[in-house]
Amino acid sequence: MTADIVAWLAQDGITNGAIYALLALALLLVFAVTRVIFVPQGEFIAYAALSLALMESGRVPGTVYILLGGGALAAAMEIARAVREHALSRLPRILALYVLLPVVIAAIVWWAVPRKLDQWLQILLVLAMVVPLGPIMYRIAYQPLASASVLVLFIVSMAVHYVLMGLSLVFFGGEGLRSRPFSDAHFKVGMLDVSAQSLWVVFASMVLIGALWLLFERSIYGKALRATAVNRIGARLVGIPANLMGQLSFLLASFIGAVSGILISPITTIYYDTGFIIGLKGFIGAILGGMASYPLAAAGALAVGLLESFSSFWASAYKESIVFTLIIPVLAWLSLRSRHVEEEDE
Amino acid sequence: MSASLEVRELSVAYGKVEALHRASLRVSDGSIVTVIGPNGAGKTTLLGALMGLLRYSGRADYAGVDLGDVPVEARVARGLCLVPERRELFGELTVEDNLRLGAFQRYRRADPTIGADIAGVYERFPRLRERRGQLAGTLSGGERQMLALGRALMAKPRLLLLDEPSLGLAPRFVREILHIIADLRKTGVSILLVEQNARAALQIADYGYVIEAGEIVLEGEARQLAENPRVIESYLGGGSGA
């Protein structure tokens, strides 16, 4: 094994690791705030990647129907609650958020697709279609069960995952798609040939991680998310609405998922079910970090990327097994070291 | 708007066990009312129900409006605020962030006076100013109680529910905290104070209730309660209190 192979594998591992790191952070955030193990994270990757590829080939992606349908369902649930609580003054806001907004986004997509807009505008439209699915999903599947146990929420997550994957197959079909790279440029670094897309991935991940850090450290909403994660009862007592925090964490997670999908779709062929396995590797990264610390989760995810890359060189048939085996010693160590953690403990 | 509280026949059950049985009490505007009683009598349960953390039967009117099944955050918005026995601080956030989050709903309304109120809390509790950048989890018991109280004040409450504010504090801190509580009344806040330290509570309260095994067994002016033989025997004897 020569130095340039090592460099090449490292570059590949870092590119993937950066994506896993983003996903690990999103998983950790959602888990800390809502106690949901966010299995459907991967679907946002696939939805965004496939939507972008379809728009580039001049077709209207089925995402618009999922958005309209999901919005209508969430609106129906909200309206039912408003009627039950005699709070009809909420109706205009509900309709604007869950019906009007999706319709406007869908209309713009229908208008834009045949016009073959600039790639950046298409990316913005994909984000506009995919990101609202996060809060909508929280409203429909998780909010009614917000006080359920971690296990129940996990089972719900599996169900949501299968429903979304099924919808993905219905609307995107079984064929794999790739979107155009942001730029075709390549750079020579020594013997190494680095594609501009890889640099984009690493750069965008770093910017996004920095933005998340700013959100948590500087904004009152970021601090409210942390407060909810640290002490749920305390957060309720100062009047932080649990539902708002749930929707906010899902919004961030769907945004991160969608950005990840857009970043990797020029590098990897994405199928309707590819997102799951990518999301799972982010999850492994979060577990390597002990499901508690954001920097450790990011480091763990980077390690997953590198391990995957190097094991694909030595034992490509086993590369997934090697990555997933990694959690066994970590889990053993965690369970030996930690006492049982009370859910509501300070 | 008045901040009076009118509780009628409030009952709370955990499964089949009734922790509070038909409790009725009143906190009139701007007064300090204390509920004293032994451990496990249902004092914390009463406050939990009033804050919306526990389901209850019966009725609780606040400022003339039935609280019904109004969720916790809406009660906070109406000016109700609980400082719980366990304090429930955000241990991994700084003292100042804890205070800021106390005003979370005011941030959402873009209230411009939050900064001045943080300065006001620091004035009331100079110790918190010294520790402003420190994580809340590293504070001592007395400082944690100050922070819990300060965080509650940041919500601009009109009725404060205080659960055992003197618990676990050194006598010096007990006096300090109770002095601050008595002082709060001057700012127009009504206070419902739950205490095991009956002597201290009756000193600053206007009116008092005695609760035993989930039922209110005695009530009266705080001064009269302090002279009641039954109260003296059960709660003021034995040299307990500050």
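Just so we're clear, the structure is a prediction, and the values are computed from it rather than from any experiment.

Undergrad: Can you break down the overall build of chain A residue by residue, with the values?
TA: Counting its regular elements, chain A contains 15 helices and two strands. Here the C-alpha atoms of chain A give a radius of gyration of 21 Å, agreeing with the 20 Å that 2.2 N^0.38 yields for 346 residues. Taken over the C-alpha atoms alone, chain A extends approximately 70 × 60 × 35 Å along its principal axes. For chain A, with 346 residues in total, the buried portion stands at 49%. In chain A, once contacts between residues fewer than 6 apart in sequence are set aside, the share between residues at least 24 apart is 78%. As displayed, chain A offers around 15,400 Å² of accessible surface, 71% of which is attributable to carbon and sulfur atoms.

Undergrad: So, the overall build of chain B: which residues are in play, and what are the values?
TA: Along its length, chain B carries eleven helices and ten strands. Relative to the compact-globule value of 18 Å for 242 residues, chain B shows a C-alpha radius of gyration of 17 Å, a close match. If one aligns the C-alpha atoms of chain B with their principal axes, the spans along those axes are about 45 × 40 × 35 Å. Residues classed as buried in chain B amount to 52% of the 242 residues present. For chain B, the proportion of contacts with a sequence separation of at least 24, taken over those separated by at least 6, is 66%. In the structure as shown, chain B presents an accessible area of about 10,400 Å², 48% of it carried by carbon and sulfur atoms. Of the charged side chains in chain B, 31 are positive and 30 negative, and the gap between their average positions amounts to 4 Å.

Undergrad: Could you give me a rundown of the interface of chain A and chain B, with the residues and numbers involved?
TA: Taken together, the contacts link 22 residues of chain A with 26 residues of chain B. Summing the contributions of chain A and of chain B, the shared interface buries around 2,200 Å²; its carbon and sulfur component is 63%. Summed over the shared surface of chain A and chain B, the result is one salt bridge. One can count five residue pairs in polar contact (both at pLDDT 80 or more) joining chain A with chain B. Contributing elements (two or more residues each) for the side of chain A that touches chain B: α9 (220-230), α10 (232-237) and α11 (242-264) of chain A. For the side of chain A that touches chain B, the element with the highest residue contribution is α9 of chain A, accounting for seven residues. Classifying every residue of the side of chain A that touches chain B gives 13 nonpolar, three polar and six charged.

Undergrad: An account of the sheet that holds strand β10 (residues 215-221) of chain B is requested, with residue identities and associated values reported.
TA: Residues and elements named next belong to chain B. The strand order across the open sheet built from six strands is β6-β7-β8-β3-β9-β10, with neighbouring strands paired in mixed fashion. Edge positions in the sheet fall to β6 (80-83) and β10, since each has one partner strand and no second. Neighbour-to-neighbour, the strand axes of the sheet open up by a mean angle of 15°, direction not taken into account. Bridging between strand β7 (residues 159-163) and strand β8 (residues 190-195) involves five bridges; their strand directions are parallel. Looking at β8, one finds that L160 is bridged to I191.

Undergrad: Describe empty space enclosed by the protein, with residues and values.
TA: As enumerated under the stated definition, the model contains one cavity of 30 Å³ or more in all. Lining the largest cavity we find L237 and V238 of chain A together with C81, L82, V83, P84, A148, R151 and A152 of chain B. If you list the elements that add at least two residues to the lining of the largest cavity, you get β6 and α7 (141-153) of chain B. Considering only residue class, the lining of the largest cavity consists of eight nonpolar, no polar and one charged.

Undergrad: Now, about the environment of R75 of chain B: what can you tell me, with residues and values included?
TA: Residue and element names in this part refer to chain B. Inspection of the secondary structure assignment puts R75 in helix α2 (residues 72-77). As for R75 and G52, which are separated by 23 residues in sequence, their C-alpha atoms are 7.6 Å apart. The residues contacting R75, other than those within four sequence positions of it, are A49, L50, M51, G52, Y56, L67, G68, D69, V70 and L80. A distance of 2.8 Å separates a polar atom in the side chain of R75 from the backbone oxygen of V70.

Undergrad: Summarise the side chain of E96 of chain B; cite the residues concerned and give the values.
TA: All names here are of chain B. Tracing the sequence through the fold places E96 in helix α3 (residues 95-102). A relative accessible area of 15% means that E96 is categorised as buried. Polar contacts involving the side chain of E96 include one to the side chain of Y122, which spans 2.7 Å. Filtering out sequence-adjacent residues up to four positions away, E96 remains in contact with Y122 and R132.

Criteria and cut-off values
Residues numbered from 1 in each chain as written. Chains lettered and ligands numbered in written order. Predicted model: local features only at pLDDT ≥ 70, side-chain atom pairs only at ≥ 80, totals over all residues. Heavy atoms only, no water. Helix = DSSP H or I, 4+ residues; strand = E, 2+ residues; numbered from the N terminus. Rg over C-alpha atoms; globule rule 2.2 N^0.38 Å. Buried < 20%, exposed > 50% of the residue type's maximum accessible area, 1.4 Å probe, protein only. Contact = heavy atoms within 4.5 Å. Areas by Shrake-Rupley, 256 points an atom, 1.4 Å probe, with all protein chains shown as cover. Lys, Arg positive; Asp, Glu negative; His and termini not counted. Charge placed at Lys NZ, Arg CZ, Asp CG, Glu CD. Buried area = accessible area lost by both parts, 1.4 Å probe. Salt bridge = Lys/Arg side-chain N within 4 Å of Asp/Glu carboxyl O. Polar contact = N/O pair within 3.5 Å; in protein donor to acceptor, adjacent residues only side chain to side chain. Nonpolar A, V, L, I, M, F, W, Y, C, P; charged D, E, K, R; others polar. Pairing = 2+ DSSP bridges. Axes fitted to C-alpha atoms, helices over the stretch in contact; angles between N-to-C directions. 1 Å grid on protein atoms, 1.4 Å probe; cavity = no way out; pocket = protein on both sides within 12 Å on 5 of 7 lines; lining within 4 Å. Points joined across faces, edges and corners; volume = space filled by probe spheres on them.

Function cannot be inferred from these measures alone, as they are strictly geometric.
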